[in-house]
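Structural characterization, general
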Amino acid sequence: MLDRKLLRGEPDAVREACEAKREPCRIDEWARLDERRRGLLVQVENLRAERNTASELVAELRKKGQDAAEQIERNRSLAQAIKDLDEQLRNADEALESLELTFPNLPDADVPRGRDSSANLQLRAWGEPPDLGFQPRQHVELLGSLFDQDAAARISGANFILLRGECARLQRILISWMIDFHRRAGYEEIWPPFLALPSSMRATGQIPKLADDMYLIENDQLYLVPTGEVPLTNICSDTVLEETRLPLALTAYTPCFRREAGSYGRETRGLNRVHQFEKVELVRIERPDRSDKAHEEMVAHVESMLRALELPYRAMLLSTGDLSFAAARCVDLEIWAAGQGAWLEVSSVSNFRDFQARRARIRYRPSSGGKPVPVHTLNGSGLALPRLILALVENNQLPDGRIRLPAILAELMGAEFLIG
RNA sequence: GGAGAGGUGGCCGAGUGGUCGAAGGCAACCGCCUGCUAAGCGGUUGAGAGGGUAACACUUCUCCGAGGGUUCGAAUCCCUCCCUCUCCGCCA
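Values in this document were obtained by computation on a predicted structure and should not be read as measured data.

On to the sheet that holds strand β3 (residues 195-196). Pairing within the open sheet is antiparallel, and its three strands lie in the order β3-β5-β4. Looking along the sheet, the strands with just one partner apiece sit at the ends: β3 and β4 (216-217). In terms of strand pairing, β4 meets strand β5 (residues 222-224) through two bridges, oriented antiparallel. If you follow Ile217 over to β5, its bridge partner there is Leu222.

Interaxial distance between helix α7 (residues 165-184) and helix α10 (residues 291-308) falls to 11 Å at its minimum, and their mutual angle equals 135°. Between α7 and α10, the angle is such that the two are oblique. For the element pair α7 and α10, the recorded crossing hand is right-handed. Contact residues: Trp177, Met178, Phe181 and His182 in α7; His301, Ser304, Met305 and Ala308 in α10. A breakdown of the residues in the contact of α7 with α10 according to their chemical character gives five nonpolar, three polar and no charged.

This brings us to the protein's contact with RNA strand B. Neighbouring residues of RNA strand B: 24 residues in total, closest Arg8, Arg48, Arg62, Asn75 and Arg363. The contact atoms of RNA strand B, taken as those within 4 Å of the protein, divide so that sugar and phosphate hold 75%. Residue Asn75 places a side-chain N or O atom 2.6 Å away from a sugar or linking oxygen belonging to RNA strand B. One of the side-chain nitrogen or oxygen atoms of Arg76 is found 3.0 Å away from a phosphate oxygen of RNA strand B. Mapped onto the surface near RNA strand B, the elements with two or more residues apiece are α3 (27-63), α4 (69-100) and β12 (362-365). Considering every element that reaches the surface near RNA strand B, the biggest residue donor is α3, with 13 residues. A class-by-class count of the residues in the surface near RNA strand B yields eight nonpolar, three polar and 13 charged.

A sheet is described by the order of its strands in space; here three strands give the open sequence β6-β12-β13, paired in mixed fashion. Each end of this open sheet is capped by a strand with a single partner; those strands are β6 (239-242) and β13 (373-374). In terms of strand pairing, β12 meets β13 through two bridges, oriented antiparallel. Across the sheet, the residue bridging to Arg363 is Pro374, located in β13.

It is worth spelling out the side chain of Ser381 at this point. Position of Ser381 among the secondary structure elements: in strand β14 (residues 376-384). Engagement of the side chain of Ser381 in a polar contact is seen with the backbone nitrogen of Ser348, the distance being 3.2 Å.

As a further point, take the packing of α3 against α4. For the pair α3 and α4, interaxial distance at closest approach is 8 Å and the crossing angle is 155°. On the basis of their axis angle, the class for α3 and α4 is roughly antiparallel. Here α3 runs over α4; the crossing is left-handed.

This part takes up the nonpolar core. One finds Leu174, Leu309, Leu383 and Leu388 to be the most contacted residues of the largest nonpolar core, which totals 54 residues. It is α7 that contributes the most residues to this core, nine residues altogether. Those residues in contact with Leu383, other than ones at most four positions away along the chain, are Met178, Glu278, Lys279, Val280, Val302, Met305, Leu306, Leu309, Val346, Ser347 and Leu388. If you look at the next biggest cluster of nonpolar residues, it comprises 29 residues, including Ala92, Leu96, Phe103 and Leu318.

Turning to the domain arrangement of chain A, a few remarks are in order. According to the domain assignment, chain A contains domain 1 (4-100) and domain 2 (117-419). Just the C-alpha atoms count here: the centres of domain 1 and domain 2 sit 43 Å apart. If you look at the interface, domain 1 gives four residues, while domain 2 gives eight residues. Where domain 1 abuts domain 2, roughly 480 Å² becomes buried across the two surfaces, and 42% of that area is made up of carbon and sulfur atoms.

Moving on, we come to the pattern of salt bridges. According to the stated counting rule, one finds 39 salt bridges in the structure shown. Of the charged contacts in the structure, one is a salt bridge between Arg154 and Asp150, with a shortest N-O distance of 3.2 Å. With a gap of four residues between them, Arg154 and Asp150 both fall in helix α6 (residues 149-156), about one helical turn apart. Look at Arg154 and you get exposed, because its relative accessible area is 63%. For Asp292, the salt bridge identified is with Arg353, shortest N-O distance 2.8 Å. Taken together, the residues Asp292 in helix α10 and Arg353 in the loop between β11 (342-351) and α11 (355-360) connect sequence positions 61 residues apart. Here Asp292 falls in the partly exposed class, since its relative accessible area comes to 40%. Residues participating in the shared-partner salt-bridge network are Asp108, Asp110, Asp292, Arg329 and Arg353.

Reading the values: rules and limits
Residues numbered from 1 in each chain as written. Chains lettered and ligands numbered in written order. Predicted model: local features only at pLDDT ≥ 70, side-chain atom pairs only at ≥ 80, totals over all residues. Heavy atoms only, no water. Pairing = 2+ DSSP bridges. Helix = DSSP H or I, 4+ residues; strand = E, 2+ residues; numbered from the N terminus. Axes fitted to C-alpha atoms, helices over the stretch in contact; angles between N-to-C directions. Parallel < 35°, antiparallel > 145°, perpendicular 65-115°, else oblique. Left-handed = near helix turned anticlockwise from the far one by under 90°. Contact = heavy atoms within 4.5 Å. Nonpolar A, V, L, I, M, F, W, Y, C, P; charged D, E, K, R; others polar. Near = heavy atom within 4 Å. Polar contact = N/O pair within 3.5 Å; in protein donor to acceptor, adjacent residues only side chain to side chain. Core = buried A, V, L, I, M, F, W, Y, C linked by side-chain atoms within 4.5 Å. Buried < 20%, exposed > 50% of the residue type's maximum accessible area, 1.4 Å probe, protein only. Domains from an automatic or database assignment. Buried area = accessible area lost by both parts, 1.4 Å probe. Salt bridge = Lys/Arg side-chain N within 4 Å of Asp/Glu carboxyl O.

Now the structure itself:
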């Protein structure tokens, strides 16, 4: 949600952002409604003030034992007028708010302008795509029975995954190792609920835009979380934090449920794009003036994790057209997958500035005193597991089909090879 | 799932339908006092949305879990819902 002062004062900036993110822009409609709402508000408040003083007068007359019938009669008509105006005001408020939920966040000024991912800017790269010296195979083939698509489909339908044996164990160990990796960097470990209320989804920005991409449990009106960002960020919703408590750094494992409506046929083979995947998420709640630094720290932190896993990667600053609805800036970390010969996104590290904080009402009280102000929220994956496993398998394959494990995982797994 | 209790300001806690945004206490902050500290004394300290201002000041309305209702007037009465706690049942 954008600041109303911004919507009033800089409608052109909002228009630009909508265009950049290819969102419909109803700022003019908003401005008319806002005007109307304020007019109504002044009217009701005046009537209310009138009623308040009149009611006091009634009390006073009564106390003196005088007749108050005339006052009461006047108040009765006031009450009706107030009720009518209140109704109009409530309608205006609702319309205004639902409009406000449709404005995307403004991209940072230095985010590359562009229509899609082709305009993304490569910031850094590390490692070389390995030259295997033979025709590399893809993960589905390499994993064989450790990746049981048939069973997954019988249990849950298309595009679910079922890992077996050492591959299942690898995923479990990776999750645990990643959480520890973050914990050592100062992140508090969280185990959150995996179902969330519509209000939580609205707070982080999944509703209304991405509502159709989420699983909804209709009986209870609960959504399955599409990312750990939802529960982690909402830990602080409706809260005024003391400045001394900032920053907050949180990490959690969650499954992520996504309907992926409309993306069938696109990179849906194997572990690329599935309805349920596992992810370890990072969230930070920061003082506004610190969020740029926090964002850089988060990107650097995730990069260090990729290096520990010996995965060649590149860091991409997303262009305006590739930026998500709620983000002001985002760095994607893409790892090389030798079998597919492609870069795969395994982490998006985003700064939402105060966009989510306004929706979720997460504020802090400055130590210097004064009103609570919205915090800045950030999040990043660290990391998404299926694509991570995919790349580990494809990059570390040997001509005979064996799969070597990078040193750190070899130690954790107690084996030099995943398949050997 | 059944029965009961309760949800009030940063926290605790009072509140006969009519100056109640809310007593009292704690905490925090600012003074005074004191050799220092403590104690004591005095004062200040909630949120949101408007108006107003260069910015303050000032000012209006709303908010006592949420939403309805009764009433001239609701923290206070009625209804619905949500949440917390206790006991019982069930269950991984």
